[in-house]
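A look at the structure
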Amino acid sequence: MKDEERLRIWIEQGNVTIPQLFFQHYKVLEIKDIDAVLLMHMYAFQASGSQFPTPSDLAKRMHLTENEVSEILQRFMQRGLLKIQQGEDENGVLYEQFSLQPLWNRLLDIVQAEQTVVEEQKDKDEEGEIFSLFEQEFGRLLSPMECETITMWLDDDGHTVQIIRAALKEAVLAQKLSMRYIDRILFEWKKKRVKTLSDVEKQSKSFRTSMTRPVQQKETVVKKVPFYNWLEERE
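Residues numbered from 1 in each chain as written. Predicted model: local features only at pLDDT ≥ 70, side-chain atom pairs only at ≥ 80, totals over all residues. Heavy atoms only, no water.

1. Describing the layout of surface pockets
Looking at the largest pocket, its volume works out to about 210 Å³. Lining the largest pocket we find 10 residues, and of these K169, E170, V200, E201 and S204 sit closest to its centre. Looking at the lining of the largest pocket, the elements that each hand over two or more residues are α8 (161-173) and α10 (197-211). Ranked by residue count, the leading element in the lining of the largest pocket is α10, at 6 residues. (1 Å grid on protein atoms, 1.4 Å probe; cavity = no way out; pocket = protein on both sides within 12 Å on 5 of 7 lines; lining within 4 Å. Points joined across faces, edges and corners; volume = space filled by probe spheres on them. Helix = DSSP H or I, 4+ residues; strand = E, 2+ residues; numbered from the N terminus.)

2. Here's the deal with the environment of M62
Following the sequence through the fold, M62 ends up in the loop between α4 (55-59) and α5 (66-78). Classification of M62 as buried rests on a relative accessible area of 9%. With 24 residues separating them in the primary sequence, M62 and L38 have C-alpha atoms 7.8 Å apart. Residues in contact with M62, not counting those within four places in the same chain, are I34, V37, L38 and H41. (Buried < 20%, exposed > 50% of the residue type's maximum accessible area, 1.4 Å probe, protein only. Contact = heavy atoms within 4.5 Å.)

3. Examining the nonpolar core
Counting 26 residues, the largest nonpolar core has F22, I31, L38, L39, L73, F76 and L103 as the members making the most contacts within it. Elements with a contribution of two residues or more to this core: α3 (33-47), α4, α5 and α6 (101-138). Broken down by element, this core gets its largest block of residues, 6 residues, from α3. Not counting the four nearest positions on each side in its chain, L103 is found in contact with F22, L29, I31, L39 and L81. Membership of the second largest hydrophobic core comes to 24 residues, among which are L154, I185, V194 and V200. (Core = buried A, V, L, I, M, F, W, Y, C linked by side-chain atoms within 4.5 Å.)

4. A short note on α6
The first and last C-alpha atoms of α6 sit 55 Å apart over 38 residues, in line with the 56 Å expected at 1.5 Å per residue. Among the residues of α6, those classed as buried are P102, L103, W104, L107, I110, V111, E126, I130, L133, F134 and F138. Just past α6, the residue G139 takes up positive phi, approximately 75°. (Expected span 1.5 Å × (residues − 1).)

5. Concerning the packing of α6 against helix α7 (residues 144-155)
Across the interface, α6 lies against α7 with an axial gap of 11 Å and an inter-helix angle of 135°. Compared by their axis directions, α6 and α7 come out oblique. Judged by the twist between their axes, the crossing of α6 over α7 is right-handed. The residues of α7 that touch α6, namely those facing E127, I130, F131, F134 and F138, are E146, C147, I150, T151, W153 and L154. Along the lines of polarity and charge, the residues of the contact of α6 with α7 split into 8 nonpolar, 1 polar and 2 charged. (Axes fitted to C-alpha atoms, helices over the stretch in contact; angles between N-to-C directions. Parallel < 35°, antiparallel > 145°, perpendicular 65-115°, else oblique. Left-handed = near helix turned anticlockwise from the far one by under 90°. Nonpolar A, V, L, I, M, F, W, Y, C, P; charged D, E, K, R; others polar.)

6. With respect to the confidence of the model for the chain
Parts of the prediction with low pLDDT should not have their coordinates interpreted in detail. For the chain, per-residue confidence averages 84 on the pLDDT scale, and 80% of positions sit at 70 or higher. Note that pLDDT drops below 50 for residues 217-223; the model gives that stretch 10 contacts with residues more than four away or on any other chain. (pLDDT = per-residue confidence, 0-100.)

Listed below in structure tokens is the structure:
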């Protein structure tokens, strides 16, 4: 048989794309290797149009007996990783099929849980860095009361690390580096529902635009952009 003919036959058999999430996480679900192979054979059967492969069909592809296949399938259904559901063809005839959707749902739950852990760890790392950033800008170690103030901004007031960092930057630019000044900035931002860096930019731009005063000269116009003195803001 020529190589071209062999390649044609191979292509006509179709390709089965197995979700990477399955290989990455089936161990977390305590699925044994042989059981995982059986699931992939079922997935391959369904990809080729056979939605309800029998234990005999599966056993012919594996080094397992029909009874062993049946036991594994029963175990999957008991654990809620596999189910049998009814379908209806175009002629209205009911049929049964295996559904791997419960398995995919469990895998997605695992991925989401892992992402939550990563995000929480990232938040903790950023919170630790914000203390170091304050000490860097202040040029000294923070006092216990100053550390408590930052903790209150995070836990009680609900400010994000990004917003606190932006308030610190605002204080540095205004050359009014004090916890009281930064606290006032955060107070005003919370009152005005400033929650993102985009909101911060809009707030600062709006203030500086409104406070800009052109000075008319003979041929040029000079605009002076002041810093926002948050401590002097009035209601």
